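Okay, here's what each chain looks like letter by letter:
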Amino acid sequence: MCIRDRARAAGGCLPLFKVLMTNVCEKNCRYCGIRASHDVPRASFTPDELAAAFDRLHRADLVDGLFLSSGVSTGPALAAGALGACSNACTPSTGSMPSM
Ligand code: SF4
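Below, the structure is looked at part by part. (Residues numbered from 1 in each chain as written. Predicted model: local features only at pLDDT ≥ 70, side-chain atom pairs only at ≥ 80, totals over all residues.)

**Overview of helix H1 (residues 47-59)**
Keep this limit in mind: To qualify as a helix, a DSSP run of H or I must reach at least 4 residues; to qualify as a strand, a run of E must reach at least 2; elements of each kind are numbered from the N terminus. Each residue after the first adds 1.5 Å to the expected span of a helix. Buried means a residue has 20 or more other C-beta atoms within 10 Å of its own C-beta, exposed means 12 or fewer, and partly exposed covers the counts in between; C-beta atoms are placed from the backbone. The directions from the helix axis to the C-beta atoms are what the arc is built from.
Here H1 contains 13 residues, and its C-alpha end-to-end distance of 18 Å stays within 8% of the 18 Å for a straight helix at 1.5 Å per residue. Along H1, the residues that are buried comprise Leu50, Ala51, Phe54, Leu57 and His58. End-on view of H1: buried residues confined to an arc of 130°, all on one side of the axis. Opposite the packed face of H1, turned more than 90 degrees from it, sit the exposed residues Asp48, Arg56 and Arg59. Just downstream of H1 lies Asp61, where phi reads positive at about 65°.

Written out as structure tokens, the structure reads:
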């Protein structure tokens, strides 16, 4: 996870919390550092854990948005559902609209 700036259309930068929901992935895309065949430590967030982390960073005025992605550990449809659940969990407490 990291914080990255994204250029705003009106000028300036939008700091984003850039993070994977999980780096567990069942796919083997050759270009990808977290593909299934790579022996790397694996970790996952629940939607509530990720929302709490985003909320803390947002309240500390470190980020204004969320750039959320994920490995595919349970099929693409379930991974997309998990991303949607996380997006919903992040929105009400912060009032921010996460970008995905
Ligand atoms: S995380 Fe995405 S790009 Fe990487 S191996 Fe999995 S499906 Fe492919």
